[in-house]
Structure formats: C-alpha cells, structure tokens
Amino acid sequence: MSQNVHSDLLLQSPVPIVVVEGTLEVELANDAFLDLSGFARSEVVGTRPPFPWWNKGDSDVSSATEDDIEAIYRKGVKKLKRCYVRKDGVPFWVDLTVSPVQGERGVKCYLLTMVNANAGDDEVVISRTEALEQAYAALQQELAERIEWEQKLEQEVANRTEELEMSKRFWEQLFQESPEGIAFLDGDDRIIQVNNSFCSMFGYDSQSVKGLSINSLVGRAPGVQMDSERMTKKLFSGESFVYDTYRTRKDGSLIPVSIHASPFRFGGETFAYCGYRDISDRKKAEDKLRYHSSLQNLLARVSYRFVFPSEEMDSLIIQSLEDFGRFFQADLCRLLQFDDKGKVVRSLGWHEKGQVQELEDTMIGLSSRDIPWLLKRLQEDDVVMLEGVEGLPSQAQLERKIISMFNAETFLFYPLFLRGKLSGIIALGRPAKARDLSEGTSDFYVFSSIISGALERHEGEKTLKSNYLTIQDTFESSIKTMGEMLAARDPYTARHQKNVSRLADLIAARLGMDDDLRKGLKISALVHDIGKIRVPTEILNKPGLLSSLEFDMIKEHPQIGAEILSNIHFPWPVAKIVAQHHERIDGSGYPERLSGAEILPQAKLLAVADVVEAMTSHRPYRPGLGLDAALEEIRRGRGSLYDLASVDACLALLKDRENLEFLSE
C-alpha cells in the first residue's frame, strides 16, 4: 500500500523528522531524529508537549501552553533556531521547520524537520534540504491518498449503512407481512414484539401486548392453560418444537394453530421465537375427511350385513337404523314398508330414548293412503326436509301428528323403492343441537338405497327359495316315479335303493358332509340302480347263478342309469355319481375302471352303503349273507377297494347292530 511506502520514506530520510498529529501527539519519529536526540522510538511516539527533547531551561518554550504551541505550529515555522537536549543531557542546536499539513477538516498533522545548526558545510545543508523537500512531497502524497482512502471509506460506510437500513426495512416488512403470527419473547416469557398476523389472529394490537406474558394472552382457556405453560417451560429449557394444538383469542374463543417455536441466544441472554399458523381450514378438511371415512366404513358395515341371506332381516334393519341414527346425531330413525295394496307390512325403528308407545299405536293399521301428501312429495323429490310442523299443509294431518310426538327440530324423509316402485319411507328426526348435515342428506340417501336393495334381495331370495323348494319337490316326485317304475319290474331293487339312500345319508352325516351335498347323495342313492330298468326281468329275478354274458348285461346298469339321468338337470352331479357307484379305489371296478381321485367322494361313499345293504338283503338267487359278513367285506377292502373314511364311518355307525332293519322303520 502507498501509505506504507511513504511512511518508510519518512523513516529512512537522513533529515531528522517528527510527525505530530493535529492533537499534538507524536505519530512518527524517524531514525535520523532518534540518532540526533538519543531517545528510543517508544520514548518519543505518543508523547505530548512538553516533549522529552525540549530544553526545560528554555523559558519561551516551557512556559507555552498546548494551545500556544498549536497556534504557532498551525501558522508554520521557518528555520527557527532551537536548543534541544539529548537523552544523555547534552544540548544540541537545530534549525526547526514546522509545516502544517492540511486535511479535509483542517490541519491533519504537523511535519517537524530539523537541520543541525552546527553543521557549516553548505552542500550538506543543500542535500538535507532536498531530502526534506522529498520527504515533504512524499508526506503530502501520503496525506492526499489517505484523504482519498478516507473518503472512499466514508462512502463505503454510507453505502453499508444504507444497505443495512434497507435490510432492516426488508426484514421488518417481512416480519409484519408474514402470514404466520409471530411473537418474540424475552427470557421471562414476556412479549418483545408481535407482527400484524399475530394481532389479526388473536384480536390484539401490537402496542398493548408488549411486556405481557404470552400465556396470559393466548393460553387463558382452562383446556389450554396447562398445555400452554408446559410448552413455554419446554421452550425456555432450550428445546425447539413443532406441534398442533389450540390457543385462545381475545374474545375467549379457541383457534386451532400449528406452533413452531425455538429459543435463541443474543448478547448473552435467552430469547424465543414463536410462530403461529391458523390451521382452521386444515382442521375442517381433516374433519370432513374423517366424516367421509367414518361414513364409508358405516356404509360398508351395513352393506356387509345384507350380503348373505338371513331370516333375521328385521333385526338387521333395526341395527342399521340405529347405526345411522347415531351417526347423524338423530333422536329417531324409522322405516315403513307398504305392500301393493298400501298396507304397512314392516314398521321398524330406533329411538334414542326407547320406543314411543304413542307412535307404535299410531302405526297399527296405518296405510299409505293416510300420508298422501308425504308420499306425493317423495315421488317428486329424492328427500323431503321439514323444519318442525310449520311447513306442513293442512291436508297432512297424520304427518303433523307423528312429527309432533317428538322434540326433533328437523325431519328428513327418504323414499324406499322396491323394484322401481315407491314402497315405503325412512324417516330421520334430528335435534337443533346436531351439527349441520347439508351434505349429509345425500349420504343418508345412499343408506336408504342400501336398505331398499337389501329388502328387494330379501324378497327375491324368498321367492327364489320358494321356487327352489318347488323344484326340489319336482325332483323328488320324479325320483319317486322312477322308483315306482323300477319297483313294478323288480321290487328287490326298489327296496334296496331306499335302504341304501338312508344308510348313505347316515354315513354322510357322521362324516360331517354339507347338507346340500347330502341332499344330492340321497337322491343319487334313490336311483343308483335305475339303469336296471333295461335289464330283462328274467335276468334280474333269475334264482340261480348268472352266466358271464348275463352278468355283463347287469354290469351295464351304471352307465345306462347315467344316460337316463343325464337328461334331467339336477343341481348335483347325480348322473356321474350313479355312473361311478361300482368303481373301486384300486381301479378294479366298472364300467370305466376308475381309481383314487378319479372317483367322486359321493360315489365312494355310495359304494360302501351299496355293498353293505346288498350283502345283507335277500335276492332271488341267494339268501342274505348277514350284517357281519357285509361289514367284514368292507373292512377287508378298506383303503384298497373302498374309501377309508366312509368305511370307518359305516363301521362306527353299525357297531353293536345285528341287522339293517332300522333302515326300513
């Protein structure tokens, strides 16, 4: 830097030089002066008049005040002969020159140059004078540059000051216009400053809250006070936090807020930043989401109740009415269903305070003709909403009576459609304190649709069941007719089929077989030998042994029976069971020589019942062999010829029995 260069030039000048500040304090003394005076630099720099090299006996100097000296120096001094004293006490004479150096605001400093007055050589004086002039010029240059540097510094300071001021205004505006309510607290939980959003959020003005405890403002409500104090204590213990809670407005109302707060240190003291964000809209959205989630769960639960057919339809409807009544904060939820003639066939309801006997009495003998106004409205609108009885016309006498029985402020009536026809109503009565359900009306309409669909399915299932029973009766009648046809040709076989059917059903029950499968098994057993209807009577009733050709004809009866039965559409694989009842586990049976899993479970069971009954019964060609022989046969073929589980169930069933006469009882 040029300033250092110029200072070095002064220090190295052969002319003794001292630079004194405008305050008369020595700023610089060069080596030439120190050599001349014998003082060290530390003994010179920083001193003020009287300077240590002054001759104390020189009255014109010692008696002058600092103001006098400053006045003399300011005017300048030209070759003033002075007698100074070295540090060792030896006096020396110099020609003193004092040159004031002007600055922007007056004298900046004084340049003191000295020439030894005892030196007589003119050349030495001239050279020293030139050196002095160079030093003076250098000092002037240094001062000029210093002034320029100071001006730049002042401008830089001014610029920085303006930037700081703009930054201050920026942060102040950002603080005030932040959408979050912000409060700065001191270490005693007292408010230093709050912004506009804080004031708007909690209803205060910024000046009135300064110095007050934050908890005395926003933590006043009983349900909030403990939480507010706990979180403030947590904050000033050095912990930051973000959490959702409630705080108190000036009017005492609560506002849901998200608070993010942090402590910080400044100037050795603890302060805190607290930001408050109004989350009312978010809470409403969350409440709405929870409402719809709960409603969807409720709709799913109610729908699931009616998935499977049930004889407890009325009980399920009452449960559903209670669920929806409670969900919509109602006092009652009632369903009326009419038949095609308008008569009430179903009157069900839930009431918060139990059944209302007067209402139950009113429902007795009620007809759709008694509430024409309401039904006409429901034909036109999806829902009818009534605020008490004031909105009812004069002709709605019964509607007025029913509504007057309750203290409900609002009644909602929904149509109950069955097969596209208005067949009833669902009523919801709500008190005044219940929350607004402006969007709940359509939600309850969904519930009404679920109940309508459930009732429609229930009635359809009843019709279907009735038709199913009719079909079953037809099946059984057909089977009975087939049995009678076979009995006309072969009474032994007809009786055998009935006994096998009863025995097979008992074995199936012991095995825990499904009721529907048992039904199919019983029918299959009743006709399992129907194929013998094509076998000549003389072969069926032949008293002697059959020839191989005759036995081959007999062995065709399972396939013939299957062909006959395949033309009838049973709900069970009757034809297939009949075709397989002579197949064996090891593949030694007929007609297809099936084995293992290729044979239906019902056919395996039927084979066991068929063998046991056949061996115990009398035939034209032989007497019955007895139950013991029959059981020994299935025991011997257990797992190889006959199904293990079916054999074991049969053996357990017939244990301790001597015959099968109980099957004919």
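Quantities reported herein were computed from a predicted structural model and do not represent experimental measurements. (Residues numbered from 1 in each chain as written. Predicted model: local features only at pLDDT ≥ 70, side-chain atom pairs only at ≥ 80, totals over all residues. Heavy atoms only, no water.)

**Q** Run through the overall build of the protein chain, naming residues and quoting values.
**A** Of regular secondary structure, the protein chain possesses 25 helices and 15 strands. Within the protein chain, the proportion of its 665 residues that are buried is 44%. Taking all contacts inside the protein chain whose residues are at least 6 apart in sequence as the whole, residues at least 24 apart take part in 55%. Surface exposure of the protein chain reaches about 35,600 Å², of which carbon and sulfur atoms provide 52%. (Helix = DSSP H or I, 4+ residues; strand = E, 2+ residues; numbered from the N terminus. Buried < 20%, exposed > 50% of the residue type's maximum accessible area, 1.4 Å probe, protein only. Contact = heavy atoms within 4.5 Å. Areas by Shrake-Rupley, 256 points an atom, 1.4 Å probe, with all protein chains shown as cover.)

**Q** Lay out the packing of helix α23 (residues 601-616) against helix α25 (residues 644-654) in plain terms, naming residues and giving numbers.
**A** The geometry of a pair of packed helices is captured by two quantities: the angle between their axes and the separation between those axes. Orientation of α23 relative to α25, taken along the N-to-C sense of each, is 40 degrees, at an axis distance of 9 Å. What the angle tells us is that α23 and α25 run oblique. Crossing hand, α23 versus α25: right-handed. Only S646, V647, C650 and L654 of α25 make contact with α23, whose side of the interface consists of K604, L605, V608 and V612. (Axes fitted to C-alpha atoms, helices over the stretch in contact; angles between N-to-C directions. Parallel < 35°, antiparallel > 145°, perpendicular 65-115°, else oblique. Left-handed = near helix turned anticlockwise from the far one by under 90°.)

**Q** Explain the environment of Q329 to me, and be specific about the residues and the numbers.
**A** Tracing the sequence through the fold places Q329 in the loop between α12 (313-327) and β11 (332-338). When its relative accessible area of 34% is taken as the criterion, Q329 is described as partly exposed. Residues Q329 and G429, 100 residues apart in the sequence, show an inter-C-alpha distance of 9.0 Å.

**Q** Give a detailed account of the sheet that holds strand β10 (residues 269-278), specifying residues and quantitative values.
**A** The 5 strands lie next to each other as β7-β6-β10-β9-β8, forming an open sheet whose pairing is antiparallel. Sheet topology places β7 (191-194) and β8 (241-248) at the edges, where each strand pairs with a single neighbour. For this sheet, the mean angle separating the axes of adjacent strands, direction not counted, is 30 degrees. Summarising the sheet, strand β6 (residues 181-185) and β10 pair through 5 bridges and their orientation is antiparallel. Across the sheet, the residue bridging to L185 is A272, located in β10. Sitting on the sheet, helix α10 (residues 222-235) touches β8, β9 (254-266) and β10, and the angle it makes with β8 is about 145 degrees. Sheet contacts for helix α11 (residues 280-305): β8, β9 and β10; angle to β9, the most-contacted strand, approximately 130 degrees. (Pairing = 2+ DSSP bridges.)

**Q** Describe the sheet that holds strand β4 (residues 91-103), naming the residues involved and giving the relevant values.
**A** Spatial strand order, β2-β1-β5-β4-β3: 5 strands in an open sheet with antiparallel pairing. The strands lining the two open edges of the sheet, one partner per strand, are β2 (26-29) and β3 (77-85). Ignoring which end each strand starts from, the neighbouring axes of this sheet average 25 degrees apart. Across 10 bridges, β4 lies against strand β5 (residues 106-116) in antiparallel orientation. Residue pairing for β5: V98 is matched across the bridge by L112. Of the strands in this sheet, β3, β4 and β5 touch helix α5 (residues 66-75), which is tilted by about 80 degrees from β5.

**Q** Can you lay out the packing of aromatic side chains for me, pointing to particular residues and giving the numbers?
**A** As enumerated under the stated definition, the model contains 17 aromatic pairs in all. Ring geometry for F241 against Y243: centres 5.7 Å apart, planes inclined by 75 degrees, an arrangement best described as edge-to-face. Accessibility expressed as a relative area gives 10% for F241, which makes it buried. Its relative accessible area of 18% is what places Y243 among the buried residues. Here a set of aromatic residues connected by ring pairs shows up, and it is made of F175, F184, F264, F271 and Y273. Between R657 and the ring centre of F662, over which it is positioned, the NZ or CZ distance is 3.9 Å. (Phe/Tyr/Trp six-rings, centres within 6.5 Å; stacked < 30°, edge-to-face > 60°. Lys NZ or Arg CZ within 6 Å of the ring centre and 35° of its normal.)

**Q** I'd like a description of unusual backbone geometry, backed by residues and values.
**A** For the bond from P49 to P50, the omega torsion is 0 degrees, close enough to zero to count as cis. Note on placement: P50 falls in the loop between α3 (41-44) and α4 (59-62). With an omega of 10 degrees, the peptide bond running from Y590 to P591 counts as cis. Phi at K79 takes a positive value of approximately 45 degrees, unusual for a residue other than glycine. Counting through the fold element by element, K79 comes out in strand β3. A positive phi angle, near 55 degrees, is found at R593, a position not held by glycine. Structurally, R593 is set in the loop between α22 (574-580) and α23. Given the relative accessible area of 57%, R593 is considered exposed.

**Q** Explain the packing of helix α24 (residues 627-636) against α25 to me, using residue names and the numbers behind them.
**A** At a closest axis distance of 10 Å, the pairing of α24 and α25 adopts a crossing angle of 155 degrees. Between α24 and α25, the interaxial angle falls into the category roughly antiparallel. Remark: the crossing between α24 and α25 carries left-handed chirality. Within the contact between the two elements, α24 uses L627, L631, I634 and R635 and α25 uses V647, C650, L651 and L654. Partitioned by chemical class, the residues of the contact of α24 with α25 number 7 nonpolar, no polar and 1 charged. (Nonpolar A, V, L, I, M, F, W, Y, C, P; charged D, E, K, R; others polar.)

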